[in-house]
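Observations on the three-dimensional arrangement
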Amino acid sequence: MIPVLLILIPLITGLVSFFLNHSNTAKSWALLSSFITLTVAIAGIFFYPSQQLAFDSAWLPDLGSRFSLSMDGMGKMLCLLTAVSFPLIFGATYKNQYKNPGGFYGLMLLTQAGLIGVFVATDALLFYFFWELALVPVYFLCSLWGGEKRIAVTFKFFIYTFIGSLLMLVGILYLYFHTPDHSFALRSFYNIKLAAKQEGFIFWLFFIAFAIKMPVFPFHTWQPDAYEQSPTSTTMVLSGIMVKMGIFAVVRWLLPVFPNASVQFANIIIILSVTGMLYASLIAIRQDDIKRLIAYSSIAHIGLMCAAMFSHNKTGMEGVMIQMFNHGINVIGLWIIADVIEQQLGTRKFSELGGLAQKAPVLAILLVIMALANIALPLTNAFIGEFLMFNGLFQYNMWMAAVAGISVILAAVYTLNMVQKILYGHTVAATENAVDISSNVQWVLVVLAIMVIALGVYPQPLINLTKDTVNAIMVNR
Amino acid sequence: MNAIILSALLGVVMMFSGIITKNKSNITKIAAVGLFLLLVANVLNTYGGYVVHVDTHSLLNFEKFGLFFNSIAITATLIYVLLSGKEIENVGVNTAEYYALIFFVLCGVSILSSFNGLLMLFLGIEIMSIPLYILTGTDKRNLKSNEASLKYFLMGAFSTGIMLMGIALVYGATGTFALGTTSISPSAGVVKTSFLEVAGLLLLFVSMCFKVSAAPFHFWTPDVYDGAPGVFTSFMATIVKAAGFIAFIRLFDTHTDVLGPTWKILLAFVIIATLLIGNITAVFQQSVKRMLAYSSIAQAGFMLFALYSNNDFAKEGILLYATAYSFATIGIFAILIKMKDYTFDGFNGLAKSQPVLAFANTVFLLSLAGIPLTAGFFAKYYMLASVVKTGGSLWLVIVAVVFAAISVYYYFRVIQAMYFKEGEPETTTITTGFKTGLVLLAALIILLGIFPSIVLNYFYF
Amino acid sequence: MSTTEILFFFLSALAIFSAIMVLVSKNPVHSVLWLIAVFFAISGHYILLNAQFLAIVNLIVYAGAIMVLFLFVIMLMNLNAETEPQKHVWMKLAGAVSGGCFLMVLVSLVRQATDMQHKTALMKDGNIGLIKNLGKALFSDYVVPFEISSVLFLSAMVGAVVIGKKE
Amino acid sequence: MPIQYYIYLCLALFSIGIIGVLTRRNAIIVFMCVELMLNAVNLLLVAFSKMHYGLAIGANPETTVGIDGQLFVFFIMVVAAAEVSVGLAIIVMMYRNTHSVDINFLNRLKN
Amino acid sequence: MSKLVYLVPLFPLLGFLINGLGRKSMSRSLIGIVGSGAILASFVVSLLIFFDVKNNGASVIALFDFINVESFQIPFAFQVDQLSSLFLLIITGIGFLIHLYSTAYMHEEEPQHFGRYFAYLNLFVFSMLLLVLGANYVIMFIGWEGVGLCSYLLIGFWFKNNTYNYAARKAFVMNRIGDLGFLLAVFWLLFRLGTASYGDVFANVSKLSSFDVTAITTLLFVGAMGKSAQIPLYTWLPDAMAGPTPVSALIHAATMVTAGIYMIARSNILYTMAPATQTLVAVVGLATAIFAATIALKQNDIKKVLAYSTVSQLGYMFLGLGVGAYTGAVFHVMTHAFFKALLFLGAGSVIHAMHHEQDIRKMGGLKKYMPITHITFLLACLAIAGIPPFSGFFSKDEILTAAFAKNPIYYFVGVGGALMTAFYMFRLYTLTFLGDFRGTQDQGNHIHESPSAMTIPLIILAALSVVGGLIGIPEVLASNAHSLEHFLAPIFAESAKIAEHHHLEASQEYLMMGSSTLAIILIILFTVNRYKKYRATEQVDSSFSKLLENKWYIDELYDSLIVNPLNGLAGFFKNIVEKSGIDGMVNGVGRLVGYGSRQLRLLQSGQVGNYILIMVLAIVVFFVIWFNDLSIMRFFSKIF
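Residues numbered from 1 in each chain as written. Chains lettered and ligands numbered in written order. Predicted model: local features only at pLDDT ≥ 70, side-chain atom pairs only at ≥ 80, totals over all residues. Heavy atoms only, no water.

1. Comments concerning the overall build of chain A
On a plain count of helices and strands, chain A comes out with 20 helices and 2 strands. Taking the principal axes of its C-alpha atoms as reference, chain A extends roughly 70 × 55 × 45 Å. The 477 residues of chain A split such that 73% are buried. Of the contacts made within chain A by residues no fewer than 6 positions apart, 83% connect residues no fewer than 24 positions apart. Roughly 13,100 Å² of accessible area belongs to chain A as shown, and the carbon and sulfur atoms make up 65% of that amount. Across chain A, the 24 positively charged side chains and the 20 negatively charged ones have centroids separated by 1 Å. (Helix = DSSP H or I, 4+ residues; strand = E, 2+ residues; numbered from the N terminus. Buried < 20%, exposed > 50% of the residue type's maximum accessible area, 1.4 Å probe, protein only. Contact = heavy atoms within 4.5 Å. Areas by Shrake-Rupley, 256 points an atom, 1.4 Å probe, with all protein chains shown as cover. Lys, Arg positive; Asp, Glu negative; His and termini not counted. Charge placed at Lys NZ, Arg CZ, Asp CG, Glu CD.)

See below:
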C-alpha cells in the first residue's frame, strides 16, 4: 500500500494545487504535501513490513498488464531521494515568486508522482506510463517558467526524450510478445530468452532511451540547454532525480533483461561513457555560466555511473546505487546555490561575479562543501560512490579506469574554478551589495550539507539498503 | 441493420424538420435526439435486438466488430453535433438538409461496417461520399469551399472509376462479388493466384487508399479539408475517415494470403510514404486547419498498421484508434471553429483568455500525439503492438515511432501558442455548456487513456 | 469471320474511335456527341452479348438522360465556343504517357493471365440478360441494395437542392 | 468471342478515359471522361458475366451464374446518375462564382 | 591506552568545529586557546600512546565499518604502531608549536578570519592524523585528500588576492594528479587482494605478481610525487608560499609533504619487493634534490628559498626510501620537521618584523634587532646543512651512506646537493641577518624581536634541531646508539629480511663523513664571505643564473605543454564540437525536417491534374512492384 500512497499523495495534491491561486497557499500546500510524502516514505521504508511495500491489482487484463508496484532496495532508496528532495526544493525556493503558482506547484507535484511511479513500477507498461508522466509536467514547467530561450530548448528536450521513450516502447512491445506468459511483469521480462541478434537489437532500443535520459555522450546536448533555461527548482528535479531514472532503468530493465547483450556491448558503452566524462569535464572547464557548468559536470558524473553499471561487477554496482542518491543530494545543493546567486545578483556569469565570500560567508561555506562533494572529496558522500564505481570500472578494465580517472582531476579544476570565481577575489559590481542567504535556503543547505558529510562518513545504511538489488542483478556474474 | 434503416429514415426526418420548424437550434436538438435513438438502436442490434428482420441474402454481415464501430461512429457524431451544432447552423440556411446529409453519411458508414460483398462496398462508399461532396461545398459564397468541393468530386469520381475497374477484374477472375473467395487454379496443385484478381485487388487497394487518404493518393485531403467549412472538415476527418478504415480492413481481412509477400512490401511503402508526407508536410503549415489535414494523413499512416498486421490486436486497435482519434479531432475542431483566426498565431495566449479551452485542447493534442494517459497512446500502442506481434517488421515500427516523435512538433506548436505566447485570441461566444462538453470529452479521453478496456471489453464483447 | 465477329470489331473500332474523338474535340459539345456515340457502340456490344435490358437502360439513362444533362449544362455555360485554354504540352504528354503506361501494364498482365487464356464470353445465347431474369434477381436477392440505392438518390437530390438553391 | 478481346477493349476505353482526365482542363469534359471509364467497366462486367455464365451453363442449363455482374452494372448506372446530378450541380455552382470551369484555376488551395 | 587513539584526531576535529562554527562569537584569545589546546591535548595523548606502543607493541583499533560491500570491507580502523606513533608525535608536537606561534603571528586578522584560520589549521592536523593513523589505504587516502583540501584552504586563506587563489588551486590540482595514482594503486590492491588493510596486504604480498607489485608501487609513488612535491609534480609547493607563514611551516615540516614518505615507509614491504620502483624512487628523489637545490640557489624570496630547500630535502628522503634506508628517511623526516619548522617560523618572525617584506635583498643586518630569531635560525641552518652534531647531519648521513652502499653515484650526486644546500641556506642567512640593513627607513624603525608566543616555539625547535639527531647515532660512532632504528625495527623487519645488506668499512664511513663535512664548512665560509657585503645594486646576471632564478622555466613549460593545449582542446570541444558538431547534428535533423517540409509541400500543387497524374503513376509503379518478376518489363521491351 505504501507505494500507492507515495504516488497518490503528490498526484492528488498536485491536481488540487491547480485550483489554488494564491501564491502562499500554493506554496504551503506543496510544502505540506511533500512533507506528508516524506513522512510516508520514511515510515513505509523503515518501519513497515516489506509486504506493505508491494501492491498488485488488475489493470489491463487483456493486455497482460497489471498495476503492480513494489519496492526493492534501489526503489526504496530512490523513493527516499525523491521524497527528501521535494521538501528541500520547495523550501529552498520558497521565496521565489511564480506567476500562476498553483499551476507551478501542481505540475511539480505531478512530476513527483511520476518519478515515484517510475521507481516502484514492476510492470513494463506501467513503467512506461510513469516514465512519460514524469516528462510531460516538466515540459510545461520548463516552457512556462523558464528562461528566455525556454520554448525552443524545452521542445528539443521533449522531442529528444520522446523519441527515446518511443523506441523503448517498441522494445517493450517486442519483449512482451516474447515473454513466456504474455505479460508485462518484470518477472516475466527477466525470464525472456532471446536470440543473440534480436537481443542485441532490442538492447539498443532500450539503451538509447535510457542514454538520452541520463544523458550519456553523445546524446547529451539537450541537457545543458534545458538545465540552463528551466526554472531552477525544475532543474533540481531534472538533474537531481530525473537523470536517475535513466540509471535506474538500466539497472532494473536493461541489465537483467539483456544479460548477454549488456555484456557484449559493455565495451562500446563504457568507451562512450568515459569519452563523455572527459569531454564534458573539458567543456565544463571553459564554461562561464554556473548552470551550464553544473550541467556539464553532471554529464561527467553520470558518465561514470553509466560506465560502472556496465562493468558488471558488484563493487561498481554498489557504487552506482550509492551515487544515485548522493549525486541527487549534491547536485540539488549546487542548484540551490546557483539559484540563490541568480535570484540575488541577477547573473550567473563567472565573469560578472567575485568576492562573494566577503559578503556572504555562510553561503560561501555551504558552496565550498557542495563543491567538495562535487569533486568527491573523501568524507563527503560522493567519494564512497565514486570510489566503488572506479573500483568496479578498474576491475573491468584498468586502462578505462585510468582514463576515466583524469576526469577526477578535471573535476577539481572546474569546480574549484567555479568556487574561486564566485567566492574569492575582490567584490565586483554585482556582488557589491550582496547579502547572505535567507534562513530558509540556509536551513535547506545545512540539511543537505549534513547529509553530504554524514553519508560520507558512514555510508553503510545506503549500502545495506541497496544490497539486495545488487545481489539480485549480479546473481549470475 | 437497425442503424442502416434508422439512419436513412432519420435523414428523411431531418429533411422534413426544416419544414416544421424554422428555429435552427431546434433542428440541432432533433438531430441530437435522432442520433441518440440511432445509438440506442445500434447498441440493441449489437446485443441481438432488431427493429425489423431483413434478409440481406448475405450481402451484409453484421458482426460485433462492425456494429461496435457503428456505435463509436454514432457516439462520435453525437459528440460532434453537441459540440459543433452551433457552427453547423451557421454554415448556411439549409441546416435541416445538412443534418439529413450527415445522417445519410452515417447510413453509408453503417453499410461499410457490415458489407459482405463488393457491391455493398461500392454502394456504401458512394452513399458516404456523395453527401460529402455536397457538404464540402456548402459554403457557397466561399471560393475555397467551391474549389474543394469540385476537387473532391472529380478525384472521388476518378477513384470510383478505379475501384470499379478493380471490382470488375476481381469479378472476372472469381465470378463473384462476395468476399473471401479465391480462384485457385487446380492444375498445378499449388495455390496460384489469378493475375486478374491480383490486379483487381490492387486497384481496389488504390481506391481504398484514396478514401483513407494514404499517400500517394492523399492529395485531395489537405485541399478539401482546408477548403470545406470547418465543421464538416471535422466530420470528414474523423467519422468518415474511420469508416473508410473499417471498410478497408474488412475488405482486405480475408484477402491477404491471396496477395503474396509483395503485399506487405507495398503496404509498407504506402505506410512510410503516408507517415512521411503527413508528418513532414504538417511541420511547415501555418494554418492549424491545414495542419490538422496533414495530421489526419499522418494518423492514417498509423491506422494502416492495422491492415499491415491484420490480427486480433489490429482489429481491437483500430476501434480504439478510431475512438481516440475521432474524439480528439472532434474536440480540436470544435475549438478551432470557434476561433476567428485559423493560423497558429490565432491561438496565441488562449490559455490566458480561455483556460478551459486551452486545457481541453491540450488534452486532445496530447492524445493525437500519443502521449500516455490519453486514449491516443493506447491507440498508437495497439497499432505498434499488432505489428510487433506479427514478428519481424520491427524496422517499420521504428520508422513509425520516429515519425510519431516528429508529429509532436506540430501538435505542440499549438500548445506553445496557447500557453507560452502572448496574444489576444478572438473567439466567437463560448457558452458554459460548450466548455462543460469539452471538459467531459477531455475527461473521457483521459479515462480511455487509463482504462482502454472500457472500449475494448465492456462494449465490444 | 462470323457476323458476330464483324459486328464486334466494328463496334469496338467505333467505340475506341469515338472515345478518342471525345478527347481530341476542342468543342465540348462535340465531345458530348462523340461520347454519345461511344455509348451507342457499347449498347451495341450489350446487344451482342444478349444483355438487352442493359443495352436499353444504357441508352435511356446514359445517352438519353445523363448526356442531355451534360449538354444542357454546357449550353447553359455557353461553352460551345472553343474556349477551353490548352494545357501545357508537357502536361498533356505526361498525361498521355502515364495513361498509356497504365494500359500497357494491364494489357501485359492480361496477356500473362493464363486462366483467361481460353475463356470466351458467350455471345447471343443465354437469357440472364433478359429483363425477366434480372428483375427476379433484383427484387429477391438484391432487394437490399436496391432499396439502399434510394438513399443514394435521396442524398443526391438533397445535395443538388442544397448546392443549387439560391440563398 | 475470346474474353481477352473484351478485356483489351475495355482497358483501352478505360485508359482513354484516364488520359482524358489527365489531359483536359474543362471540368465537364474531365467528368465525361470519368463517365467513359465507368462505361468501360460496365462493358467489362457484362462480358465477364457472360463468360461465367458460359462456363456454368454446361453443367446446369438453368443456371443464373453471371446475373450478379449485370445487376452490378445496373447499380453502377444508378450511382453514375446520382453522381452526375451532384457533380453537375457542383460544376454549375463553381461556374456561377468564377465564370469558368477550368480546373487549372482551382489552385487557391495548395501546399 | 591505544584504545584511546581515536582521541588524537578527535581533538583537532572538535577544535575545527568549535572554531569554525563559533568564529564570529568567540574572541581571539579563546580561539587561540581552543585551537592550540586541541593540538596540545592530542600531543599528550600521542605521547601516552607512544610509550604504550614502545612498551606493549602495535595494535589495530577498529572503530566502525566505513565501506562494507560484498567484495571487500574497508573498516574505519586506526593503526597504532611504532611508525604511526612516531609520526603522531611529530605532527602534534610540531603542530602545537606552530599553533602557538600562530596565535601571535595572525593577531592582526579579524576575529572571524582568525577563527577560520585556526579551524583550518586544526582540520589540517586532523587530516594528517587520519592519514597517519589509518589502518588501510582508504583511510589513508581520506587523510591524503584531506591535507590536500586543507592546503588549498590555507594557501588561499587571503582569498581576496587572486594570485593566492590560483596558487591554492594549483596545489589542489597537482595533488589530485598524484591522488589519482594513489587511488589506482588502491584499486589494484583491492582487485588483486580484496583488501586494503595494511596487515592483510603485507601478509599477502607474495600473492602479487612482480608486475602487480611494480605497478602498484609506481602508482603509489605517483601519489607520493604529488603530495611530497617530487619531480614532476613539485611546482605547487613553492607557490604554496602564498599562505600565511606558519601554514608553510605546517605543510613543510609536520604535515602534508611528509605524507609521501610516510606512505612509502608504511608500504616498505611492497617497495622492497619491487626493485624497479625502488630505483625509480631513488632516481626521482635524487633528481629532485639536485634540481630543487639549483633553483634555490638564486631565489630571493625568503620563503621560496625555504620551499625549494624542502623540495630538495624531500628528494633526499625519497633517495633514502629508494635505497632501502627506510629508517633513515623517517629519521630525516623527523629532523627535517624540526629544523624546517624552525626555519619557517624564523622566516615568519622576520617577515612579521619586516611588515610582510619577503625579499631578502631588502633585508640584512637583522642580527642585532632580532637576536633570538637570529640564533635559532642559524642553528637551523647548520642543522640543515648537515654540520655535526646537529640533527640534520645524522639523518642525512644515514641516507647518503645507504645510497653509497647501493650505488656510489647516488652518493656523489647527493653530496653535491648537500653542498648546494649549504650554499643557499647560508646565502639566505647571510643576506638576512648579516651585513647592513637594506630595507626602507620606515621598516628599519619598526624592526623588533617577535613576541614570546613566537619565540618560545623557536627556542624549543632550535633545541630539538640541535639534539634531535642524537636518537639516530650511526653504528660507526657508537654501537647500538641508534635508538630510532630499534624502535622502528618491527615496521621494517620484513623488508630487512629481503633486502640485500651492504656493509661499509668503518674507515670508509669516517672518510665520507669527514670529507663531506669539511666541504660543507668550506662552502659555508665562502658563502658567508661572498654575501656579507651584498649590495642590492650588484646585479650582473648570467643567463644561467637567470634560468635558475626563473626556476628553469618549468611552470612556463607546463603551461605550454599541458595547460594551454588542454585549454585549447576544451575550447575546441565547447565551441566547435559541441555547438557545431553534436548539437549541430541534432539541430541539423530538425532543420532537415523543416527543409523537407518546405519541399514536400510543393508536391501539393493545388492542381487536380497533377494529383491524378501522380496517382496514376503510383498505380503503374505499384503494378510493376507487385509483379516484380520483370515480366512487365519484358513486355515493355518487346514493344519499344
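Still to come is the rest of the account.
2. Observations regarding the overall build of chain B
The number of helices and strands found in chain B is 19 helices and 0 strands. For chain B, the C-alpha radius of gyration of 21 Å lies close to 23 Å, the compact-globule estimate for 461 residues. Taking the principal axes of the C-alpha coordinates as reference, chain B spans close to 75 × 55 × 45 Å. Residues classed as buried in chain B amount to 73% of the 461 residues present. (Rg over C-alpha atoms; globule rule 2.2 N^0.38 Å.)

3. Comments concerning the arrangement of the chains
Inter-chain contacts occur across 8 pairs of chains; the most extensive set of contacts lies between chains C and D. Nothing in chain A touches chain C; the tightest C-alpha to C-alpha distance between them is still 38 Å. Regarding chain A and chain D, the two do not touch, and the least distance separating their C-alpha atoms is 25 Å.

4. Examining the pairing of strand S2 (residues 65–70) of chain A
All names here are of chain A. Pairing of strand S1 (residues 54–60) with S2 involves 6 bridges; the strand directions are antiparallel. Each residue of the ladder has a partner; that of Asp56, found in S2, is Ser68. Counting the residues between successive antiparallel strands, the hairpin from S1 to S2 contains 4 residues, one of them, Gly64, with a positive phi of roughly 75°. (Pairing = 2+ DSSP bridges.)

5. Quick word on helix H8 (residues 210–227) of chain E
Residues and elements named next belong to chain E. Compared with the 26 Å implied by 1.5 Å per residue over 18 residues, the 25 Å span of H8 between its first and last C-alpha is a close match. Burial within H8 is extensive, with 13 of its 18 residues counted as buried. Trailing H8 by a residue or two, Ala229 shows a phi angle of about 55°, which is positive. (Expected span 1.5 Å × (residues − 1).)

6. Examining the nonpolar core
Core analysis: the biggest nonpolar cluster contains 789 residues, and A:Phe210, A:Phe310, A:Phe387, B:Phe205, B:Tyr381, B:Phe412 and E:Tyr137 have the highest contact counts within it. Broken down by element, this core gets its largest block of residues, 22 residues, from helix H3 (residues 67–98) of chain D. Every residue in contact with B:Tyr381, bar those within four places of it in the chain, is listed here: A:Leu63, A:Leu125, A:Leu169, A:Leu173 and A:Phe184. (Core = buried A, V, L, I, M, F, W, Y, C linked by side-chain atoms within 4.5 Å.)

7. Things to note about the pattern of salt bridges
Tallied over the full model, the rule gives 27 salt bridges over all chains. A salt bridge links B:Lys86 to B:Glu89; its shortest N-O distance comes to 3.8 Å. Of this pair, B:Lys86 and B:Glu89 both sit in helix H3 (residues 64–91), 3 residues apart, which is roughly one turn of that helix. Under the relative-accessibility criterion, B:Lys86 is labelled partly exposed at 48%. We classify B:Glu89 as buried; its relative accessible area is 5%. Members of the salt-bridge network, linked through shared partners, are A:Lys156, A:Asp225, A:Glu228, A:Asp289, A:Arg292, A:Glu342, A:Arg348 and E:Asp583. (Salt bridge = Lys/Arg side-chain N within 4 Å of Asp/Glu carboxyl O.)

8. A look at the interface of chain C and chain D
Every contact between the two is made by 81 residues of chain C and, on the other side, 74 residues of chain D. A buried area of about 7,000 Å², summed over both sides, lies between chain C and chain D, and 78% of it is on carbon and sulfur atoms. Area buried by chain C at its contact with chain D is led by C:Leu23, C:Phe70 and C:Ile128, which between them contribute 10% of it. The tally of links from chain C across to chain D stands at 0 salt bridges. Inspection of the region where chain C meets chain D yields 8 residue pairs in polar contact (both at pLDDT 80 or more). (Buried area = accessible area lost by both parts, 1.4 Å probe. Polar contact = N/O pair within 3.5 Å; in protein donor to acceptor, adjacent residues only side chain to side chain.)

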